[in-house]
Amino acid sequence: MTALAIDCDGLVRIFTAQGVEVQALQGLELRVQPGEMVALVGASGSGKSTLLGILGGLDQPTAGRAVVAGHDLVTMRGREKLEYRRRTVGFVWQQSAQNLLPYLDARENIAMAHTVAGVVARHRRAALAAELLDHLGVADVADRRPDQLSGGQRQRVAIAVALANEPAVLLADEPTGELDEATSAEVLAVMESVNKQRGVTTLIVTHDPAVSEHVDRTVRIRDGRTSAETLRTTRTDAEGRRVRTAEEYAVLDRAGRMQLPAEFVSALSLRERVRLSLEPDHIMVRPDKAAAKDEGPEG
Ligand SMILES: Nc1ncnc2c1ncn2[C@@H]1O[C@H](COP(=O)(O)OP(=O)(O)OP(=O)(O)O)[C@@H](O)[C@H]1O
């Protein structure tokens, strides 16, 4: 069995601000296979950026397990963390100003990433930069500075810079957040192509519904926990058309806990406790009779 690219188990991150504790992650589970491309979605404040910060080695979890490409992020400190950020992960942020140095052109931005990290052998750097710019479709604007590029081109260059050190994992926080619909679709398509051809494991935090066309798995976070997943498969029908099928799953943690979808809970007015029964091939979840009676017309 191959080791997972990302393995989070019972991940907890508590922030304390002015004496108040905020549980941003409350026992999050996430397992991503090497080479997979996964979208991470969830309401504002559900913990997505907190998770990316931990996976990127920018923040430290409070408890639990987080292992990325064999590196344990819970125990990792100082020098090792710096090396991890340089070698193992690449980051693409929503704001292009965070991704690129404004006074360098696209090619020089990649060269700078090479120089700072010192990961790729000198003799390979120029060829790798040219290959990345070509793969990302921005070879023709390699000598332009960020302010001379369109928003879509800037994000393509940002992806090339994030890949400069050939990371095992690419983390992207709302990479299409500032782009129009058509440009977003192009950037997501190029990310899919990079993922497939270069085999880099990719995790994208996004609110962009178009991402579903480009990933086979979407993980939903609710209140600091992974609550549901959508798995998609693609097949070709009898007329040769591409047909995408999506199936929804609830996430079960190692202790057997799961979150019921909010709409299921409200549809049957479930609260406090439910009745479970094991059937030969499924589990039945029913409202608590006593609670239902309390709410009935006779009270
Ligand atoms: N440095 C911090 N100090 C205190 N609380 C924080 C800090 N960072 C995040 N939080 C809190 O943790 C929770 C999760 O925040 P996070 O930014 O991870 O959510 P998110 O899902 O990325 O939201 P959005 O989609 O709006 O970016 C929120 O309640 C947020 O206010």
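Being a predicted model, the structure only gives us computed values, none of them experimental.

On to the domain arrangement of the protein chain, then. Assigned domains of the protein chain: these are domain 1 (6-250) and domain 2 (262-295). Measuring from the centre of the C-alpha atoms in domain 1 to the corresponding centre in domain 2 gives 38 Å.

Within this structure, the stated rule accounts for 21 salt bridges. Of the charged contacts in the structure, one is a salt bridge between Arg65 and Asp7, with a shortest N-O distance of 2.9 Å. Of this pair, Arg65 sits in strand S4 (residues 63-68) while Asp7 sits in strand S1 (residues 6-17), and the two are 58 residues apart along the sequence. You can call Arg65 partly exposed: its relative accessible area is 38%. Where Arg79 meets Glu83, a salt bridge forms, and the shortest distance between an N and an O atom there is 3.4 Å.

Residues in close proximity to the ligand include Phe15, Val22, Ala24, Ala43, Ser44, Gly45, Ser46, Gly47, Lys48, Ser49, Thr50 and His207, which together make up its full environment. One of the backbone N or O atoms of Gly47 is found 3.0 Å from an oxygen atom in the ligand. Measuring from an oxygen atom of the ligand, one finds a side-chain N or O atom of Lys48 at 2.8 Å. Here the ligand has 630 Å² of accessible area as a free molecule, and 60% of this is covered by the chains. Counting residues per element, the ones that place at least two in the shell around the ligand are strand S2 (20-32) and helix H1 (48-55). Here the shell around the ligand takes three residues from H1, the largest share from any one element.

So, on to the packing of aromatic side chains. A complete count under the given rule lists one aromatic pair for this structure. Between Phe91 and Trp93 the ring centres are 4.3 Å apart and the planes differ by 0°, which places this aromatic pair in the stacked class. For Phe91, a relative accessible area of 17% translates into the label buried.

Okay, the sheet that holds strand S6 (residues 89-92) next. Strand order in the open sheet made by the seven strands is S6-S7-S8-S3-S9-S10-S11, with mixed pairing throughout. Here the strands that pair on one side only, and so sit at the sheet edges, are S6 and strand S11 (242-250). Going from strand to strand, the sheet's axes swing by 20° on average, the running direction of each strand aside. In this sheet, strand S10 (residues 225-236) lies alongside strand S9 (residues 217-222) in antiparallel orientation, the contact comprising six bridges. Bridge pairing in S10 places Arg220 opposite Ala228. Where H1 meets the sheet, it contacts strand S3 (37-41), S6, strand S7 (169-173), strand S8 (201-205) and S9, and its direction lies at approximately 150° from that of S7.

Strand order in the open sheet formed by four strands is S2-S1-S4-S5, with antiparallel pairing between adjacent strands. Every other strand in the sheet has two partners, leaving S2 and strand S5 (71-72) as the edge strands with one partner each. Relative to S4, S1 runs antiparallel, the two sharing five bridges. Opposite Asp9, over in S4, you have Arg65 as the bridge partner. Packed on one face of the sheet, H1 meets S1, S2 and S4 and runs near 115° to S1.

For helix H6 (residues 151-162), which comprises twelve residues, the first-to-last C-alpha distance of 16 Å matches the rise-based estimate of 16 Å (1.5 Å per residue) to within 8%. Summarising burial for H6: nine of the twelve residues are buried, a large majority. Along H6, the residues that are buried comprise Gly152, Gln155, Arg156, Val157, Ala158, Ile159, Ala160, Val161 and Ala162. Where H6 is buried, its residues contact S6, helix H3 (96-99), helix H4 (106-117), helix H5 (122-135), S7 and helix H7 (181-198).

A separate point is a nonpolar patch on the surface. Together, Val274, Leu276, Leu278, Ile283 and Val285 line one region of the surface with nonpolar side chains, adding up to about 480 Å² of accessible area. Here the nonpolar patch takes three residues from strand S12 (residues 274-278), the largest share from any one element. Note that Ile283 resides in strand S13 (residues 283-287).

Attention now goes to the packing of H5 against H7. Packing of H5 against H7 brings their axes to within 11 Å, and their N-to-C directions diverge by 135°. Considering the angle they form, H5 stands oblique to H7. Contact residues: Leu128, Glu131, Leu132 and His135 in H5; Val190, Ser193, Val194, Gln197 and Arg198 in H7. Split by residue class, the contact of H5 with H7 holds four nonpolar, three polar and two charged.

Moving on, we come to the side chain of Asp7. Note on Asp7: relative accessible area 8%, which makes it buried. One polar contact links Asp7 to Arg65, side chain to side chain, over a distance of 2.9 Å. Sequence-distant contacts of Asp7, that is, excluding residues within four places in its chain, are made with Leu30, Arg31, Arg65, Ala66, Val67 and Arg254.

What counts, and at which threshold
Per chain, the residues get numbers from 1 upward, laid out in the order the sequence is written. With the structure being a predicted model, the display of local features is reserved for residues of pLDDT at least 70 and the display and counting of side-chain atom pairs for 80 or more, all residues being used for whole-chain, interface and lining totals. The basis for every side-chain value is the complete set of non-hydrogen atoms in the structure, without hydrogens or water. Domain delimitation follows an automatic or database domain assignment. Just to be clear on terms, a salt bridge is a Lys or Arg side-chain nitrogen sitting within 4 Å of an Asp or Glu carboxyl oxygen. Runs of E in the DSSP output that reach at least two residues are strands. Runs of H or I that reach at least four are helices, and both are numbered from the N terminus. Each residue is assigned to one of three classes by its accessible area relative to the maximum for its type, calculated with a 1.4 Å probe on protein chains only: buried under 20%, partly exposed between the two thresholds, exposed over 50%. In this text, near means that some heavy atom of the residue lies within 4 Å of the molecule or strand in question. As used in this structure description, the phrase polar contact means that two N or O atoms lie within 3.5 Å; if the pair is within protein, one of them must be able to donate a hydrogen and the other to accept it, and residues adjacent in sequence are counted only when both atoms belong to side chains. The method behind every accessible area is Shrake-Rupley, applied with a 1.4 Å probe, and residues are considered shielded solely by the protein chains displayed. Pairing of aromatic rings covers Phe, Tyr and Trp, the last through its six-membered ring, and needs centres within 6.5 Å; plane angles under 30 degrees mean stacked, over 60 mean edge-to-face, and all others mean tilted. What makes two strands pair is DSSP finding at least two bridges between them. Helix axes are fitted to C-alpha atoms over the stretch in contact, other axes to C-alpha atoms as well, and angles between N-to-C directions run from 0 to 180 degrees. Whether two residues are in contact is decided by their heavy atoms, any of which lying within 4.5 Å being enough. The length a helix should cover is 1.5 Å for every residue beyond the first. Grouping into patches uses exposed residues only, defined as over 30% relative accessible area, and leaves out salt-bridged ones; the cut-off is 9 Å for like charges and 5 Å for nonpolar side chains (Val, Leu, Ile, Met, Phe, Trp, Tyr). For this classification, under 35 degrees means roughly parallel, over 145 means roughly antiparallel, 65 to 115 means roughly perpendicular, and everything else is oblique. For this scheme, ten residues count as nonpolar: Ala, Val, Leu, Ile, Met, Phe, Trp, Tyr, Cys and Pro. Four count as charged, namely Asp, Glu, Lys and Arg, and the remainder, Gly too, count as polar.

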